[in-house]
Amino acid sequence: MVRPRPDAVFSEVFRASYPDVLAFIRRRTDPALAEDLAAEVFAIAWDRWAEVPREVRPWLFGVARNLVANDHRTQARRRRLELRLGSERDPDPDDTSFSAAALDLRLAWARLDDADREAIALVAWDGLTGREAAAVLGCTRAAFSVRLSRARRRLKRTMGDSVEEPVRPLITPSLTAAFKGELP
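Note that the coordinates shown come from a computational prediction; the quantities given were computed from them, not determined experimentally.

**Let's talk about the packing of helix H5 (residues 114-124) against helix H7 (residues 141-159)**
Part 1: Interhelical geometry of H5 versus H7 gives an angle of 105 degrees and a closest axis separation of 8 Å. In terms of axis orientation, H5 runs roughly perpendicular to H7. Counting all contacts with H5, which are made through Asp116, Ala119, Ile120 and Val123, the residues of H7 involved are Phe144, Arg147, Leu148, Ala151, Arg152, Arg154 and Leu155.
Part 2: Partitioned by chemical class, the residues of the contact of H5 with H7 number 7 nonpolar, no polar and 4 charged.

Take a look at the structure:
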């Protein structure tokens, strides 16, 4: 039996996974940094290829999640330093044009804690199965299921039942399914 060369397997994994990893990162950080962070994910994968588990995709998402978290910490330190120095960033001009329903969803999303947003996003936006999302978060499938269920409940409570109808057309079908409790 002839085994494929590691670089050939890595190339295949890269081609298949890069768009999803990039999209995952873009949703969580400054889009200007997303490609650099995605490249770093695959540089780490290449360096540690012998240690990468058989289920590569969840592992890649876990690496991406850690890199995004590091970037957020770096950005927070930078903002604290800027505040100490007395300089504040200008507001983003693109963040001013929302419909009322989209604003309600954004406000409800912002009120969720990071863990709740992450649980919902892994399933709804990144298309991971419950098993894969559990691997990304480093927990069991059952623990992830509980986290996701609680996160959905908190989002629904935050949104309020009266907001549900206008918001539905503004979100993706996968987010709608996650919101309703339909786990892929």
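Back to the write-up after that little detour.
**What about a positive patch on the surface?**
Part 1: Among the surface-exposed residues, Arg73, Arg77, Arg78, Arg79 and Arg80 lie close enough to one another that they form a single positively charged patch.
Part 2: Here Arg78 is to be found in helix H3 (residues 56-85).
Part 3: The exposure class assigned to Arg78 is partly exposed, which follows from its relative accessible area of 39%.

**What to know about the packing of aromatic side chains**
Part 1: The final tally for this structure, using the stated rule, is 8 aromatic pairs.
Part 2: Relative to Tyr18, the ring of Phe14 has its centre 5.1 Å away and its plane inclined at 35 degrees; by these criteria the two rings are tilted. Residue Phe14 and its partner Tyr18 are located together in helix H1 (residues 6-26), separated by 4 residues, close to a single helical turn.
Part 3: With centroids separated by 4.8 Å and ring planes inclined at 45 degrees, the aromatic side chains of Trp109 and Trp125 adopt a geometry described as tilted. Here Trp109, found in helix H4 (residues 100-111), pairs with Trp125, found in the loop between H5 and helix H6 (130-137); they are 16 residues apart in sequence, far enough to count as distant.
Part 4: Here Trp125 falls in the partly exposed class, since its relative accessible area comes to 30%.
Part 5: Taken together through their ring pairs, the aromatic side chains of Phe10, Phe14, Tyr18, Phe42, Trp46 and Trp49 make up a single cluster.

**Notes on the environment of Lys156**
Part 1: Position of Lys156 among the secondary structure elements: in helix H7.
Part 2: Sequence spacing of Lys156 and Ala108 is 48 residues, and the spatial spacing of their C-alpha atoms is 8.5 Å.

**Examining the nonpolar core**
Part 1: With 43 residues, the main nonpolar core has Ile25, Val41, Leu60, Ile120 and Phe144 as its most contacted residues.
Part 2: Of all the secondary structure elements, the ones that give two or more residues to this core are H1, helix H2 (31-47), H3, H4, H5, H6 and H7.
Part 3: Of all the elements, H3 adds the most residues to this core, at 8 residues.

**Some details on the pattern of salt bridges**
Part 1: All told, the structure shown has 11 salt bridges when counted by the stated rule.
Part 2: Its salt-bridge partner being Arg28, residue Asp126 comes within 2.7 Å of it at the nearest N-O pair. With Asp126 in the loop between H5 and H6 and Arg28 in the loop between H1 and H2, the pair connects residues that are 98 residues apart, well separated along the chain. Per residue, the accessibility class of Asp126 equals that of Arg28, and both read buried.
Part 3: For the salt bridge of Arg117 with Asp114, the shortest nitrogen-to-oxygen distance reads 2.2 Å. Here Arg117 and its partner Asp114 are both found in helix H5, 3 residues apart, which amounts to about one turn of the helix.
Part 4: Connected through salt bridges with shared partners, the residues Arg27, Arg28, Arg65, Glu118 and Asp126 form a single ionic network.

The rules we used
- Residues numbered from 1 in each chain as written.
- Predicted model: local features only at pLDDT ≥ 70, side-chain atom pairs only at ≥ 80, totals over all residues.
- Heavy atoms only, no water.
- Axes fitted to C-alpha atoms, helices over the stretch in contact; angles between N-to-C directions.
- Helix = DSSP H or I, 4+ residues; strand = E, 2+ residues; numbered from the N terminus.
- Parallel < 35°, antiparallel > 145°, perpendicular 65-115°, else oblique.
- Contact = heavy atoms within 4.5 Å.
- Nonpolar A, V, L, I, M, F, W, Y, C, P; charged D, E, K, R; others polar.
- Patch = residues over 30% accessible without salt bridge, like charges linked within 9 Å, V, L, I, M, F, W, Y side chains within 5 Å.
- Areas by Shrake-Rupley, 256 points an atom, 1.4 Å probe, with all protein chains shown as cover.
- Salt bridge = Lys/Arg side-chain N within 4 Å of Asp/Glu carboxyl O.
- Lys, Arg positive; Asp, Glu negative; His and termini not counted.
- Charge placed at Lys NZ, Arg CZ, Asp CG, Glu CD.
- Buried < 20%, exposed > 50% of the residue type's maximum accessible area, 1.4 Å probe, protein only.
- Phe/Tyr/Trp six-rings, centres within 6.5 Å; stacked < 30°, edge-to-face > 60°.
- Core = buried A, V, L, I, M, F, W, Y, C linked by side-chain atoms within 4.5 Å.

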